[in-house]
Amino acid sequence: MKEQFCAVAIDGPSGAGKSTVARAVAARCGFIYVDTGAIYRTVGLAVRRAEKDPHDEAAVAALLPELDIRFDHGPDGIQRMFLNGEDVSGLIRSPEMSMYASAVSAIPAVRAFLLDMQRQTARTHKVVMDGRDIGTVVLPQAGLKIFLTASPEARARRRLLELNAKGDPSTFDQVLADMVQRDEQDSTRAAAPLKAAEDAVLVDTSDMTRDETVEHICALVRDRFGPEAGA
Ligand code: DC
């Protein structure tokens, strides 16, 4: 019999609002939120620190056995990432680490290395997990799959606000160009390209507020898992 996961898989391109929405849905439904992009970012940071080219498959694969990557969730529900025991949660959030993460995530050995960690979490917890291949590869038996998307411009505007709020001086044009480049890289790669699972519910947030999106997904969660979830 196929293993069933009491899980919500949220996939989609960067800047669609996955992490904000997934975190809010998890809090409302009593699930834990697993940010899988943060795990790829942590591998990216390790590759950067080792001064390796993130596109060099052999060099990155050779580094993996040396890496101790873990995550936990504090009482606030926030996921913290640890690389060889060091809390790197803040360090992985730069535009440079976005590019490193995108490059290393195209390497099959990296995806295989991280697969078990992600599945194991869903075996032991009720999860809302977001990423690019959660509904298609990591948790194909998730009870609810969402493909969350928005126009590139809407996504770039949101990402710019986040970056500027942190003091990063990026401009709209730079953020949009990075976004388009990352979309291209993430959806055309051979290993687990970004695409909606056949049974995913498509949610386009271009003209939706964060609260409307959360409400909409909580209603889907209640439909799928019963009225107590997402109330
Ligand atoms: O969601 P994010 O921006 O933190 O993700 C960083 C990169 O990691 C992104 O370019 C694609 C990749 N990624 C992936 O390939 N698979 C996932 N499940 C999550 C992220």
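Scroll up a little and you will see the structure.
Residues numbered from 1 in each chain as written. Predicted model: local features only at pLDDT ≥ 70, side-chain atom pairs only at ≥ 80, totals over all residues. Heavy atoms only, no water.

## Brief notes about the pairing of strand β6 (residues 127-131)
The buried fraction of β6 amounts to five of the five residues, a majority that puts the element mostly inside the structure. Residues Val127, Met129 and Gly131 of β6 are buried on one face, and the alternating residues Val128 and Asp130, pointing to the opposite face, are buried as well. Relative to β6, strand β2 (residues 32-35) runs parallel, the two sharing four bridges. Bridge pairing in β6 places Asp35 opposite Asp130. (Buried < 20%, exposed > 50% of the residue type's maximum accessible area, 1.4 Å probe, protein only. Helix = DSSP H or I, 4+ residues; strand = E, 2+ residues; numbered from the N terminus. Pairing = 2+ DSSP bridges.)

## Digging into the site of the ligand
Taken together, 15 residues lie near the ligand, and Thr36, Arg41, Arg111, Arg182 and Arg189 sit nearest. Side-chain polar atom of Arg111 to an oxygen atom of the ligand: 2.9 Å apart, as the coordinates give it. When the ligand sits alone it has 450 Å² of accessible area, and the protein chains cover 96% of it. Mapped by element, the contributors of at least two residues to the shell around the ligand are α2 (36-49), α4 (95-104) and α8 (172-188). (Near = heavy atom within 4 Å. Polar contact = N/O pair within 3.5 Å; in protein donor to acceptor, adjacent residues only side chain to side chain. Areas by Shrake-Rupley, 256 points an atom, 1.4 Å probe, with all protein chains shown as cover.)

## Here we look at the packing of α4 against α8
For any two helices packed against each other, one specifies the crossing angle of their axes together with the interaxial distance. In contact at an axis separation of 10 Å, α4 and α8 are set at 15° when each is read in the N-to-C sense. The angle between α4 and α8 places the two elements in the roughly parallel class. The handedness of the crossing between α4 and α8 is left-handed. In this structure, α4 uses Ser98, Met99, Ser102 and Ala103 to contact α8, whose residues at the interface are Asp178, Gln181, Arg182, Gln185 and Asp186. (Axes fitted to C-alpha atoms, helices over the stretch in contact; angles between N-to-C directions. Parallel < 35°, antiparallel > 145°, perpendicular 65-115°, else oblique. Left-handed = near helix turned anticlockwise from the far one by under 90°. Contact = heavy atoms within 4.5 Å.)

## Quick word on the pattern of salt bridges
Following the criterion strictly, the structure yields 14 salt bridges and no others. Asp199 serves as the salt-bridge partner of Lys145, at 3.1 Å between the closest nitrogen and oxygen. With Lys145 in strand β7 (residues 142-149) and Asp199 in the loop between α8 and β8 (201-204), this residue pair connects regions lying 54 residues apart in the sequence. Among the ionic contacts, a cluster of salt bridges with common partners joins Arg28, Glu215 and Arg222. (Salt bridge = Lys/Arg side-chain N within 4 Å of Asp/Glu carboxyl O.)

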